[in-house]
Amino acid sequence: MASLPTRAQVLETLFQQWTPVYKTETIPVEEALGRVLVHDQFSQVSIPVVRASAMDGVAVSSARFQSGPPDTSNWKPGVDFCRADTGDDFDDLFDAVIPIEQAELSPEGRLTLRWEGPLEPGQNIRPRGSTIRAGELLARKDRQLRPFDLACLAMGGITHVEVYQAPRVAFLPTGSELVPLGAPVARGQNIDSNSILVQGLLTEMGANPLCYPITPDQPADVAAALDRALEDADVILINGGSSKGAEDFNARLLEERGSALFHWVAAAPGKPMCVALIHNKPVINLPGPPLAVLYGMDWCIRAIVHRLLHKPLPRRQTIRGTLTEPIHAPSNMEILCMMDVTPTPGGYLVKQKPWRGGSMPDALGAGAVYITELGCEERRAGEDLEVTLLRGLEDF
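Remember, predicted model here, so these are calculated numbers, not experimental data.

Visitor: So what exactly am I meant to see when it comes to the side chain of K311 here?
Guide: The topology assignment puts K311 in the loop between helix 6 (290-309) and strand 21 (318-323). Buried within the structure, K311 lacks any salt-bridge partner; D149 is the closest side chain of opposite charge, at an N-O distance of 11 Å. A polar atom in the side chain of K311 sits 3.2 Å from the backbone oxygen of G34. Sequence-distant contacts of K311, defined by excluding residues within four places in its chain, comprise G34, V36, Q144, M205 and H306.

Visitor: Could you clarify how one ought to interpret the packing of helix 1 (residues 7-17) against helix 6 in this entry?
Guide: Angle between the axes and distance between the axes are the two parameters that describe a pair of packed helices. It is at 11 Å that the axes of helix 1 and helix 6 come closest, and there the two elements cross at 30°. Relative to helix 6, the element helix 1 is oriented roughly parallel. You can see that helix 1 and helix 6 cross each other, and the crossing is right-handed. Residues R7, V10, L11, L14 and F15 of helix 1 form the contact with helix 6, whose participating residues are Y295, W299, C300, A303, I304 and R307. For the contact of helix 1 with helix 6, the residue count by class is 9 nonpolar, no polar and 2 charged.

Visitor: Looking at this structure, I do not really get the sheet that holds strand 12 (residues 168-173). What am I missing?
Guide: Here 6 strands make up an open sheet; going across it, the order is 15-12-16-20-19-17 and the pairing mixed. Looking at strand neighbours, the two that pair on one side only are strand 15 (208-211) and strand 17 (260-263), the edges of this open sheet. Strand-to-strand twist of the sheet, defined as the mean angle between neighbouring strand axes without regard to direction, takes the value 20°. With 5 bridges connecting them, strand 12 and strand 16 (residues 235-239) associate as parallel partners. Each bridged residue has a counterpart across the sheet, and for F171 the counterpart in strand 16 is L237. Against the sheet, helix 1 engages strand 17 and strand 19 (274-278), with an angle of about 175° to strand 17.

Visitor: Looking at this model, I keep getting lost on helix 2 (residues 147-155). Mind explaining?
Guide: Within the sequence span of helix 2, burial applies to D149, L150 and L153. One side of helix 2 holds all its buried residues, which, seen down the axis, span an arc of 100°. Opposite the buried face of helix 2, by more than 90 degrees, sit the exposed residues P147 and F148. Summarising the contacts, the buried residues of helix 2 are in contact with strand 2 (41-42), strand 10 (137-139) and strand 11 (160-164). Trailing helix 2 by a residue or two, G157 shows a phi angle of about 80°, which is positive.

Visitor: Just checking my understanding: could you explain empty space enclosed by the protein for this structure?
Guide: Any space left empty among the atoms is revealed by the rolling of a water-sized probe across them. Applying the stated criterion across every chain, the model contains 3 cavities of 30 Å³ or more. By volume, the largest cavity is sized at about 50 Å³. As for the largest cavity, its lining consists of V21, K23, Q165, A166, P167, D234 and L308. Looking at side-chain class alone, the lining of the largest cavity contains 4 nonpolar, 1 polar and 2 charged residues.

Visitor: Whenever I open this one, the sheet that holds strand 6 (residues 96-99) confuses me. Can you help?
Guide: Sheet strands pair via backbone hydrogen bonds, and the direction of the pair is either parallel or antiparallel. One open sheet accounts for 3 strands, arranged 5-4-6; its pairing is antiparallel. Of all the strands in the sheet, just strand 5 (82-84) and strand 6 have a single pairing partner and so form its edges. Each strand of the sheet is rotated relative to its neighbour by a mean of 40°, with strand direction disregarded. For strand 4 (residues 57-60) and strand 6, the ladder comprises 4 bridges, and the chain directions are antiparallel. Paired with G57 across the two strands is P99, which belongs to strand 6.

Visitor: Just checking my understanding: could you explain the packing of aromatic side chains for this structure?
Guide: In the structure shown here, the tally under the stated rule is 3 aromatic pairs. Measuring from ring centre to ring centre gives 6.0 Å for F15 and W18, while their planes differ by 35°; the resulting arrangement is tilted. When its relative accessible area of 4% is taken as the criterion, W18 is described as buried. Ring geometry for Y22 versus Y164: centroids 6.0 Å apart, planes at 70°, classification edge-to-face.

Visitor: Quick question: what am I supposed to make of the pattern of salt bridges here?
Guide: Tallying each qualifying case throughout the model produces 22 salt bridges. For the salt bridge of R302 with D298, the shortest nitrogen-to-oxygen distance reads 3.3 Å. Taken together, the positions of R302 and D298, both in helix 6 and 4 residues apart, correspond to about one turn of that helix. Judged by its relative accessible area of 14%, R302 is buried. Under the relative-accessibility criterion, D298 is labelled partly exposed at 25%. Residue K353 pairs with D340 through a salt bridge whose shortest N-O separation is 2.8 Å. A residue pair is termed long-range when its members are at least 10 positions apart, and K353 in the loop between strand 24 (347-352) and helix 7 (360-364) and D340 in strand 23 (residues 334-344) qualify at 13 residues. The network of salt bridges with shared partners includes K23, R168 and D234.

Visitor: Just to check I follow, could you spell out the state of the cysteines for this structure?
Guide: What we call a disulfide is simply a covalent bond connecting the sulfur atoms of a pair of cysteines. Tallied over the full model, the rule gives 0 disulfides. Lacking any disulfide linkage, C300 is separated from the closest cysteine sulfur, that of C274, by 11 Å. Of the cysteine sulfurs around C376, a residue in no disulfide, the closest is that of C337, at 10 Å. Classification of C376 by relative accessible area gives partly exposed; the value is 23%.

Visitor: Quick question: what am I supposed to make of the packing of helix 3 (residues 194-205) against helix 6 here?
Guide: It is the contact of helix 3 with helix 6, at a shortest axis distance of 10 Å, that shows an interaxial angle of 30°. Accordingly, the angle class assigned to the pair helix 3 and helix 6 is roughly parallel. The hand of the helix 3/helix 6 crossing is right-handed. Taken together, the residues of helix 6 that come into contact with helix 3 (itself represented by N194, L197, V198, L201, L202 and M205) are P290, V293, L294, M297, I301, R302, V305, H306 and L309. Taken together, the residues of the contact of helix 3 with helix 6 sort by class into 12 nonpolar, 2 polar and 1 charged.

What counts, and at which threshold
- Residues numbered from 1 in each chain as written.
- Predicted model: local features only at pLDDT ≥ 70, side-chain atom pairs only at ≥ 80, totals over all residues.
- Heavy atoms only, no water.
- Helix = DSSP H or I, 4+ residues; strand = E, 2+ residues; numbered from the N terminus.
- Buried < 20%, exposed > 50% of the residue type's maximum accessible area, 1.4 Å probe, protein only.
- Lys, Arg positive; Asp, Glu negative; His and termini not counted.
- Salt bridge = Lys/Arg side-chain N within 4 Å of Asp/Glu carboxyl O.
- Polar contact = N/O pair within 3.5 Å; in protein donor to acceptor, adjacent residues only side chain to side chain.
- Contact = heavy atoms within 4.5 Å.
- Axes fitted to C-alpha atoms, helices over the stretch in contact; angles between N-to-C directions.
- Parallel < 35°, antiparallel > 145°, perpendicular 65-115°, else oblique.
- Left-handed = near helix turned anticlockwise from the far one by under 90°.
- Nonpolar A, V, L, I, M, F, W, Y, C, P; charged D, E, K, R; others polar.
- Pairing = 2+ DSSP bridges.
- Arc of directions from axis to C-beta.
- 1 Å grid on protein atoms, 1.4 Å probe; cavity = no way out; pocket = protein on both sides within 12 Å on 5 of 7 lines; lining within 4 Å.
- Points joined across faces, edges and corners; volume = space filled by probe spheres on them.
- Phe/Tyr/Trp six-rings, centres within 6.5 Å; stacked < 30°, edge-to-face > 60°.
- Disulfide = S-S within 2.5 Å.

Take it as geometry only, folks, not as evidence of what the structure does.
So, in structure tokens, the structure goes:
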């Protein structure tokens, strides 16, 4: 047990031996939310194209104001002045704008001004390119696009962008005891809920999940499903059959192919995880229990998906709380602890949910997680503990 690799060691070895194949695609800007740019993007246009009024007002020729406010009683619209609302272009006869609050237009079109100050060429006018300039950098490569990034791209006349393609991640649930959601459950059977869990997690990560039908515990069937997945996907997840049971064939299949990098990891639940490379594609055998799937997806699959998406791993919100009951864990394992969070007037109270023997819906409904540190066997009640939130603080 002491020699089992840590999560960090598994990922370091995998990333050293794996050469990711980054696939890209060109998509419309309006479909690019959350995607990552392959290239810098520069504006194709200047706006205003020529110039624009900086406010609602009346456009005039500044030369007629050099000796003070002129007599406008005989001015004609379109000849001596014109309306120029915010953002509007206007005739080149005029080179300044008087605010509409200092002008009055009669129903007959007669203009009366209450303007008394000097008027300079370009006054109250936004020059060409003052909103955006042709050639201006809109978004750097490797940026994950947010709604306001998309607005900037559109403003610059960009209609399509090249982004990193969402990796296709195949999920192969295995187990003769499994039945699909909606099927009747007989004695000795379980509902395949992991497919729902994994599909949702992969979608949240930005991957393209490919969920396969349940494969029974038959080596030939699992091998055939794996071969299909290797053709279809960039990353393959096999669920179940990773330990030492009589029907645990999956890890042995990866080992027999000579592709296994690790079998067993110093992280629980999910210690029997198997990590392999086949045809330069990561193949991960996740143990069957839902919490093991959740843990493996979080620390291993998330890192793989984000590498293919060219995204850094997101920083999650954490809080510090007072531990109400001690946490005991082997010092040579990194244990996932599902945590309850209770707000108090002075902060938060945190408590580990039962790891073994507790309700699975209760565990999966946790508000936060804590992962024990290597070398630490106990966290005592009353200690200040940092936990990572699984929900927003507004949910507590």
